[in-house]
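This is what each chain is made of:
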Amino acid sequence: MWPFARQNQVSPESETAKRAAEKSLKDAQAGMPEAQARLNESRRVTEQLKAHNRANAYSDFIKGIVLGRLHRDA
């Protein structure tokens, strides 16, 4: 086994990355209300689309029944 010495000095790249991460975190925390508002809007639109799709599926189901009955009667 080789004895590796620990390096006590920090590389400039890691310091730069650490500062960038801290800045990103601060920016994200500052923009939290905006992000939350966008998330809420996205959820609302998603729910509207689901409701619309359910209504369309039900409408298609009813239309299939009606057209099936009309076809049998003709």
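On a predicted model such as this, the values are computed, not experimentally measured, just so you know.

**Student:** Quick rundown of the overall build of the protein? Include the residues and the values.
**Tutor:** Across its full length, the protein carries 2 helices and 0 strands. Here the protein holds 74 residues, and 0% of them are scored as buried. When the accessible surface of the protein is summed, it comes to about 7400 Å², and 59% of that surface belongs to carbon and sulfur atoms.

**Student:** Account for the pattern of salt bridges, naming residues and giving values.
**Tutor:** In the structure shown here, the tally under the stated rule is 3 salt bridges. Here Arg-19 and Glu-15 are joined by a salt bridge, their closest N and O atoms 3.9 Å apart. A residue pair is termed a helical-turn pair when its members lie 3 or 4 positions apart in one helix, as Arg-19 and Glu-15 do in helix H1 (residues 12-30) at 4 residues. By relative accessible area, Glu-15 is classed as partly exposed at 30%. In this structure, Lys-50 and Glu-47 form a salt bridge, with 3.8 Å as the shortest nitrogen-oxygen distance. In this pair, Lys-50 and Glu-47 both sit in helix H2 (residues 32-73), 3 residues apart, roughly one turn of the helix.

**Student:** Can you break down a nonpolar patch on the surface residue by residue, with the values?
**Tutor:** A cluster of nonpolar side chains, contributed by Tyr-58, Phe-61, Ile-62, Ile-65, Val-66, Leu-67 and Leu-70, occupies part of the molecular surface with about 680 Å² of accessible area. Considering the arrangement of structural elements, one finds Val-66 in helix H2.

The rules behind each value
Residues numbered from 1 in each chain as written. Predicted model: local features only at pLDDT ≥ 70, side-chain atom pairs only at ≥ 80, totals over all residues. Heavy atoms only, no water. Helix = DSSP H or I, 4+ residues; strand = E, 2+ residues; numbered from the N terminus. Buried < 20%, exposed > 50% of the residue type's maximum accessible area, 1.4 Å probe, protein only. Areas by Shrake-Rupley, 256 points an atom, 1.4 Å probe, with all protein chains shown as cover. Salt bridge = Lys/Arg side-chain N within 4 Å of Asp/Glu carboxyl O. Patch = residues over 30% accessible without salt bridge, like charges linked within 9 Å, V, L, I, M, F, W, Y side chains within 5 Å.

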